[in-house]
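# Summary of structural features
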Amino acid sequence: MLRSESTGPEAAAKSGKSLLRRVAKDMGEQLQEAKKQTAAIELAGVCKSFGSRVVLEGISLSVARGEGLCVCGANAAGKTTLLRIIAGLLQPGSGAVQICGFDMRTQAREIKPMLGAILHKSMVYPQLTVVENLRFFSKLYGVRDSKGRIEELLEQAGLGAYRDDRAGVLSRGMTQRLAIARAMEHNPSVLLADEPFAGLDAKASKHLVSLLRSFKDKGGAILVTTHNVDFALRCCESVAVLEDHKLIFNARVSQIDTAEFARDYLSYARATV
Amino acid sequence: MSFGNVVRAIFVKDLVTEFRAKKVLAAMIMLGVLIAWIFRIATEASILDGSVTAAAVLLVGILFSAVLASERGFAVEQENDCISALLLGSADAGDIYIGKLLVNITLLCIFEIVSVPAVFVLFNAGVGRGWLQLIIVLLLINIGVSSVGTLLGCAVQGTRAGNSLLSILLLAILCPMMIPAIFALLLLFGAIGDNVLGIGVLALAGDFNTAIGFLAAFDAIFVTVCWLLFGFVAGEAA
């Protein structure tokens, strides 16, 4: 009797705890689901100035998971600055940057593992070999099973034959492949690419397009800044144009005539040079 | 990601890069030996005690070599914008600083392995049984000089003044540390007595143990402050 009386409140406490656990689990799942639905890249009213020189003015854009956005614009339109702000290498003057639902200002530590970037320069060490470069960055980015991952990347990027060559002696195309392998080494959710087609021939550009497409197919989001609209549109779902530090055009690729856009953009770019 | 992994990765990467590129170590050693050689010739006819000059030459050599090493540390990162890749990684900026600091200390140690015997031979100097004390003093000097040098080496990258700014800032910041450093070296080289009394600058150091204490304190302050500041400085350099 005593025993049953004493187990009453305990049982109630236990059932209460399990209820709380269930609620917490449900909330966690809902949160995860909400995070999945949030955009991979979300910019709201981003502005940036260097001294009195305005570089970006009220930039708002969004890239969903598994999709790509191509940002075009003349030289000095602010494309690279925009990319560096999204990568967290520059602080915006005002506005907000969110990566996969995390705020860049307060949650940079959480965001870093989600980002991969191919910037204007290759960001690889010319004195180290291809494998040594990948090994170094795998340690820096905390990649688990780095050996397997490096072999996988060498195969994907077609760098197997160059694995023991120093990065400094590689051609522009091979260096770019190494830069992409470095950027993807830690399986990021978002890939930022600044002029990734610059200096590449048609074959290398096609290979790059296929790499970017396969990255997107795995659920990754990409943001590409480029002058090479032809190739960029092949791997992007949206296209935006920056002019005079503002976003003047932003549309789905499916809603525009890509050939006409490429032609118009080319004549526009020529006129702005 | 563990602190040790990042520090080790940067340490190994920088040493491999340096030994392959042979950019700075050879220059550091040449500079050190050249300074010692010029001072040896210049003081041949003077009444200066060789051990006094030896201590001063060794410290001057370390300082100039440290400028070279500090400049190299981040020139490597700037070459292909690798500094951005370092900052994009999830490694803490402080870990990157410690890795770079250890590389600079190692380069200075290698420099001293060659330059200390050269100074001893050229100036007919020695430390008797004080080898262990000499190693401690040199290590403390290396840590202090490299700590500030590593931070400034990163800060001046991309600036127009570059190297000249690095040397001016580094030497100016290190001035107070040089008093106990030269005092300890003079004492070890047998150029002065155990205690320096009076109102001279060297009297500030007091005795050998106090000088070591000052050096250790400077090191602790410099390393802590530079480690804390590195994140901001690297962010600006990228």
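Owing to the predicted nature of the structure, the values given are computational and were not obtained by experimental measurement.

Rules and cut-offs
- Residues numbered from 1 in each chain as written.
- Chains lettered and ligands numbered in written order.
- Predicted model: local features only at pLDDT ≥ 70, side-chain atom pairs only at ≥ 80, totals over all residues.
- Heavy atoms only, no water.
- Pairing = 2+ DSSP bridges.
- Helix = DSSP H or I, 4+ residues; strand = E, 2+ residues; numbered from the N terminus.
- Buried < 20%, exposed > 50% of the residue type's maximum accessible area, 1.4 Å probe, protein only.
- Right-handed = clockwise from strand over helix to strand, strands pointing away.
- Contact = heavy atoms within 4.5 Å.
- Axes fitted to C-alpha atoms, helices over the stretch in contact; angles between N-to-C directions.
- pLDDT = per-residue confidence, 0-100.
- Expected span 1.5 Å × (residues − 1).
- Arc of directions from axis to C-beta.
- Buried area = accessible area lost by both parts, 1.4 Å probe.
- Salt bridge = Lys/Arg side-chain N within 4 Å of Asp/Glu carboxyl O.
- Polar contact = N/O pair within 3.5 Å; in protein donor to acceptor, adjacent residues only side chain to side chain.
- Nonpolar A, V, L, I, M, F, W, Y, C, P; charged D, E, K, R; others polar.

### Focus on the pairing of strand E10 (residues 246-252) of chain A
In this sheet, E10(A) lies alongside strand E9 (residues 238-243) of chain A in antiparallel orientation, the contact comprising 6 bridges. Paired with A:Val239 across the two strands is A:Ala251, which belongs to E10(A).

### Points about the pairing of strand E8 (residues 221-225) of chain A
Taken residue by residue, a regular strand's side chains alternate between the two faces of the sheet. All names here are of chain A. Across the 5 residues of E8, 5 count as buried, placing the element largely inside the fold. Burial along E8 is two-sided: Ala221, Leu223 and Thr225 and Ile222 and Val224, pointing in opposite directions, are all buried. Looking at chain direction, strand E3 (residues 68-73) and E8 are connected through 4 bridges and run parallel. Considered in E8, the bridge of Leu69 is made with Leu223. As for the winding sense of the linkage, the β-α-β connection from strand E7 (residues 190-194) through helix H7 (residues 202-217) to E8 is right-handed.

### Remarks on the environment of B:Ala184
All names here are of chain B. For Ala184, the position within the fold is in helix H7 (residues 162-188). Put simply, Ala184 and Asp207 are 23 residues apart on the chain and 8.2 Å apart in space, counted from C-alpha to C-alpha. The contacts of Ala184, once residues within four sequence positions are left out, are Val137, Phe208 and Ala211.

### Considering the sheet that holds E10(A)
Each strand in a sheet pairs with another by means of backbone hydrogen bonds, the pair being arranged parallel or else antiparallel. Residues and elements named next belong to chain A. Taken together, 6 strands build an open sheet; the order of strands is E6-E7-E8-E3-E9-E10 and the sheet is mixed. The open sheet has two edge strands, strand E6 (115-118) and E10, and neither has a second partner. Going from strand to strand, the sheet's axes swing by 15° on average, the running direction of each strand aside. Its contacts with the sheet put helix H2 (residues 79-86) on E3, E6, E7, E8 and E9, and the angle it makes with E7 is roughly 155°. Strands in contact with H7 are E3, E7 and E8; relative to E8, the strand with the most contacts, it is inclined by about 150°.

### What about the side chain of A:Glu195?
In this structure, A:Glu195 sits in the loop between E7 and H7. The residues contacting A:Glu195, other than those within four sequence positions of it, are A:Lys79, A:His120, A:Arg172, A:Gln176, A:Thr225, A:Thr226 and A:His227.

### A short note on the confidence of the model for chain B
Chain-level pLDDT for chain B is 87 on average; 92% of the residues reach the 70-or-more range. This prediction of the complex comes with two scores: 0.81 for pTM and 0.82 for ipTM.

### Considering H7(A)
All names here are of chain A. Across its 16 residues, H7 extends 22 Å between first and last C-alpha, which sits within 8% of the 22 Å expected from 1.5 Å per residue. Residues Ala204, Ser205, Leu208, Val209, Leu211, Leu212, Phe215 and Lys216 constitute the buried set of H7. Buried residues of H7 fall within an arc of 165° about the axis and therefore sit on the same side. Exposed residues pointing more than 90 degrees away from the buried face of H7 are listed as Lys203, Lys206 and Asp217. Against the buried residues of H7 lie E3, helix H5 (146-157), helix H6 (172-184), E7, E8 and helix H8 (229-234).

### Quick word on the sheet that holds strand E2 (residues 53-63) of chain A
Residue and element names in this part refer to chain A. Reading across the sheet, the 4 strands line up as E2-E1-E4-E5 and stay open at both edges, with antiparallel pairing between neighbours. The sheet is open, and its two borders are formed by E2 and strand E5 (102-103), each paired with just one other strand. With 5 bridges connecting them, strand E1 (residues 41-50) and strand E4 (residues 94-99) associate as antiparallel partners. Directly across from Ala44, in E4, lies its bridge partner Ala96. Docked against the sheet, H2 engages E1, E2 and E4, running at close to 120° with respect to E1.

### Quick look at the interface of chain B and chain A
The partner chain A presents 26 residues to the 27 residues of chain B that form the contact. Summing both sides of the interface, chain B and chain A together bury roughly 2,400 Å²; the carbon and sulfur share of this comes to 62%. Broken down residue by residue, the surface that chain B buries against chain A is led by B:Arg20, B:Asn80 and B:Leu88, which jointly contribute 29%. The salt bridge involving A:Arg84 is made with B:Asp81; its shortest N-O contact spans 3.5 Å. Along the contact surface separating chain B from chain A lie 11 residue pairs in polar contact (both at pLDDT 80 or more). Contributing elements (two or more residues each) for the side of chain B that touches chain A: helix H1 (3-21), helix H3 (50-79) and helix H4 (82-88) of chain B. Looking at the side of chain B that touches chain A element by element, the count peaks at 8 residues for H1(B). Here the residues of the side of chain B that touches chain A are counted per class, giving 14 nonpolar, 7 polar and 6 charged.

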